[in-house]
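Chain by chain, the residues:
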Amino acid sequence: MIAETPGLMEAVRARFAHVEECPFEGPRVFFENAGGALHLKTVAETSAFYAALPDNQGRANAASRALMDRIARGRADMRAFFGAEDGEVFVGESGTEILFRLIRTAATGAEAGGTMLCSTLEHPASRSAMAHWAEATGRPLVAVPHDDAAATVTAEAYAAHVTPETRVVSIVHTSPVTGMAVDVPGVIAAVRAVAPEAFVIVDGIQHASHGAVSVAGADGYAVSPYKMFSRHGYGVGWASDRLTALPHEQLAGGPPRAWELGTRDTGAYATFSDVIDYLDWLGAEVSGAEDRRARLEAAGGAIAAHEAHLLGAMLHGTGNLRGLAEMPGVRLIGPADAAGREGVVSLWLEGMASADLVDHLGARGVRVHIRKNDHYCGNILDPLGREDCIRVSVCHYNTEGEVARFLAAMEEAQAAAA
């Protein structure tokens, strides 16, 4: 839909900084989006504007009132993004910090006893928080095993491990290593069928730039804006009414529903609004939706469709170029199919070290990243007997022509490694 609409891809790419070249290395294809997406130009402009203001919130002057209005707008935009009709939206230090706070609140406020439930697919952000607070509250932590071949975890796998004594559940919406999405509504339904009072916390950090977000059925959801076209330095979260009602860290005597501690950066709210404005614009370009939330959902659908096309070309070829699935020596993590993938293909090439493959691609103007068997990726790589792989990650502003450049460079690497 994005590529097929005349002029739309050019308009999309024009809104992002450094689309075609790195200010330090020159022209390049950016396929390292899972490590942090390209930033909107408006985000850079907005950041500079608010960084220069000396004024604080809550003062009797026009600048302060403008800051408060911008924060209120940011919160409204966060609600629209999450599809949240209730609960609280808030800004924190990072997506990881928000996950820790959500999980900490659920674990310390839930009914005593019972167990906590995570999966082996999860990023250490949620996995570490679950492990820490399970131990701190004296609960066993049960880890639902993911399927190595499918590179994801299913609702049926969760259903096999949830019990009426399950108190807190964490779900990763999309794996940042395998790129495979999880059926979050299906997992939530499986949990609620057996443990309706369990608190469910979703890590949406990897998913947020690849499709629409909905917090329906969950109690907490976290995103990292630097992975969804904004900047580093803050995270955005949503907490349900019942999670918000639990005791959580607050300033004594402050608003009872508050989640934020101290004065947050107004630029965080403003740059998140820049992202929502962009998605709103994109949704209007690809649909006739009149409602802002409907336009955000339309943008998410268009993004997902375009990225599925890119991944299909990457896996199965474009023009006269073979896809990764047809290249001898290329080993994919997960199925050789775009279905269920969100922006990521991780792989290794037999006969060439992953670090050398990253360098090979970089020398040909294609930016990718190595992933190692460490605390970030060991949960995926160790069961496969791998010490490393490379991660190739696309976003909706990437083009099929860029995929072709990557495949051509991979052909050269495959020939050299054979």
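Going by the structure above, here's the rest.
Because the structure is predicted, anything quoted here is derived from the model rather than measured. Residues take numbers from 1 onward in each chain, read along the sequence in its written order. At least 70 in pLDDT is required for a residue's local features to be given in this predicted model, at least 80 for side-chain atom pairs to be given and counted, and no such filter applies to totals for whole chains, interfaces and linings, which use all residues. Computation of side-chain values covers all heavy atoms of the structure but excludes hydrogens and water.

Q: It is not clear to me how the overall build of the chain should be interpreted in this structure. Could you clarify?
A: When helices and strands are tallied, the chain shows 13 helices and 15 strands. Both definitions apply: the radius of gyration is a C-alpha atom measure, and the globule rule equals 2.2 Å times residues to the power 0.38. In summary, the chain has a C-alpha radius of gyration of 22 Å against a globular reference of 22 Å for 418 residues, a match within 12%. Considering only C-alpha atoms, the chain reaches an extent of 65 × 50 × 40 Å along its principal axes. Surface accessibility follows the Shrake-Rupley procedure with a 1.4 Å probe radius. Residue values consider only the protein chains on display as shielding. Of the accessible surface of the chain, which amounts to about 16400 Å², a share of 54% is contributed by carbon and sulfur atoms. His is not counted here, nor are the chain ends, while Lys and Arg score as positive and Asp and Glu score as negative. The atom standing in for a charge is NZ when the residue is Lys, CZ when it is Arg, CG when it is Asp and CD when it is Glu. Once the 34 positive and 52 negative side-chain charges of the chain are each reduced to a mean point, those two points are 5 Å apart. Helix and strand assignments come from DSSP, with helices taken as H or I runs of at least 4 residues and strands as E runs of at least 2, each series counted from the N terminus.

Q: Would you mind showing me how to read the pairing of strand β8 (residues 199-203) here?
A: Along a regular strand, successive side chains alternate from one face of the sheet to the other. For every residue, the accessible area (1.4 Å probe, protein chains only) is compared with the maximum for its type, and the residue is labelled buried under 20%, exposed over 50%, or partly exposed between those bounds. Of all five residues in β8, five are buried, a share of seventy percent or more. Side chains of β8 alternate between two faces, with F199, I201 and D203 and V200 and V202 buried alike. When the strands point away from the viewer and the connection leading from the first strand across the helix to the second strand turns clockwise, the crossover is called right-handed. In the classification by handedness, the crossover that spans strand β7 (residues 166-172), the intervening helix α7 (residues 184-194) and the parallel β8 is right-handed.

Q: I keep staring at the packing of helix α3 (residues 62-82) against helix α10 (residues 292-316) and nothing clicks. Help me out?
A: Helix-helix packing is characterised by the crossing angle of the two axes and by the distance between the axes. Axis definition: a line fitted to C-alpha atoms, limited for helices to the stretch in contact. Angles are taken between N-to-C directions and run from 0 to 180 degrees. Between α3 and α10, the least distance of the axes is 9 Å, while the angle of their chain directions is 55°. Of the possible angle classes, the one that applies to α3 and α10 is oblique. The hand of the α3/α10 crossing is right-handed. Mapping the contact onto sequence places D77, A80, F81 and F82 in α3 and R292, R293 and L296 in α10. When residues are grouped by polarity, Ala, Val, Leu, Ile, Met, Phe, Trp, Tyr, Cys and Pro land in nonpolar, Asp, Glu, Lys and Arg in charged, and all others, Gly among them, in polar. Looking at the contact of α3 with α10 residue by residue, the class counts come to four nonpolar, no polar and three charged. Reported orientations rely on four angle classes, namely roughly parallel under 35 degrees, roughly antiparallel over 145, roughly perpendicular from 65 to 115, and oblique for the rest. Crossing handedness is read from the near helix: turned anticlockwise from the far helix by less than a right angle, it gives a left-handed crossing, and turned clockwise, a right-handed one. Contacts between residues were defined by any pair of non-hydrogen atoms, one from each residue, lying within 4.5 Å.

Q: Would you mind showing me how to read the pattern of salt bridges here?
A: Side chains that differ in sign of charge can pair as their charged atoms come close. In the sections that follow, a salt bridge refers to a side-chain nitrogen of Lys or Arg positioned within 4 Å of a carboxyl oxygen of Asp or Glu. Enumeration over the complete set of coordinates arrives at 26 salt bridges. As a salt-bridge pair, R292 and D77 come within 3.0 Å of each other at their nearest N and O atoms. Of the two residues, R292 sits in helix α10 while D77 sits in helix α3, which places them 215 residues apart along the sequence. Overall, R292 belongs to the partly exposed group, its relative accessible area being 22%. The closest approach of N and O atoms between D241 and R257, which form a salt bridge, is 2.6 Å. With D241 in helix α8 (residues 241-244) and R257 in the loop between α8 and α9 (266-286), this pair connects stretches of sequence that are 16 residues apart. Among the residues examined, R257 registers a relative accessible area of 35% and is labelled partly exposed.

Q: Which parts of the structure should I look at to understand the environment of E111?
A: Residue position: E111 is located in the loop between α4 (95-109) and β5 (115-119). The exposed category is assigned to E111, whose relative accessible area is 58%. With 54 residues separating them in the primary sequence, E111 and E165 have C-alpha atoms 9.5 Å apart. If we ignore the near neighbours within four places in the chain, the residues touching E111 are R139 and R167.

Q: Sorry, what's going on with α9 here?
A: In this model, α9 (21 residues) spans 31 Å end to end at C-alpha, consistent with the 30 Å of a helix rising 1.5 Å per residue. Burial analysis of α9 places 18 of its 21 residues in the buried class, the great majority of the element. Sitting at the amino-terminal end of α9 is D265, which places a side-chain oxygen 2.8 Å from the backbone nitrogen of G267. Working rule for helices: expected span equals 1.5 Å times residues minus one. Between N or O atoms, a polar contact is any pair within 3.5 Å; within protein, one atom must be a potential hydrogen donor and the other a potential acceptor, and residues adjacent in sequence are included only when both atoms are from side chains.

Q: Got a minute to help me understand the sheet that holds strand β12 (residues 344-349) in this structure?
A: Where strands meet in a sheet, backbone hydrogen bonds hold them as pairs that are either parallel or antiparallel. By definition, two strands form a pair when at least two bridges between them are found by DSSP. The four strands are arranged β11-β12-β15-β14 in an open sheet whose pairing can be described as antiparallel. Looking at which strands have only one partner, the edges of the open sheet turn out to be β11 (330-332) and β14 (369-372). For this sheet, the mean inter-axis angle between neighbouring strands, taken without regard to orientation, is 40°. Bridge count for β11 against β12 is three bridges, and the pairing is antiparallel. Residue pairing in the sheet places L332 in a bridge with L347 of β12.

Q: Sorry, what's going on with the packing of α10 against helix α13 (residues 400-417) here?
A: It is at 10 Å that the axes of α10 and α13 come closest, and there the two elements cross at 25°. Looking at the two axes, α10 sits roughly parallel to α13. Where α10 crosses over α13, the handedness of that crossing is right-handed. Seen from α10, the contacting residues are H309, L310, A313 and M314; seen from α13, they are E400, V403, F406 and L407. Broken down by class, the residue content of the contact of α10 with α13 amounts to six nonpolar, one polar and one charged.

Q: What is the right way to look at the sheet that holds strand β4 (residues 88-92) in this model?
A: With mixed pairing, the seven strands of this open sheet are ordered in space as β4-β10-β9-β8-β7-β5-β6. With partners counted over all chains shown, the strands left at the sheet margins are β4 and β6 (141-144), one partner each. Sheet twist, expressed as the average angle between the axes of neighbouring strands with direction ignored, equals 20°. Pairing analysis gives three bridges linking β5 to β7, with the strands arranged parallel. Directly across from M116, in β7, lies its bridge partner V168.

Read these as spatial facts, not as claims about activity.
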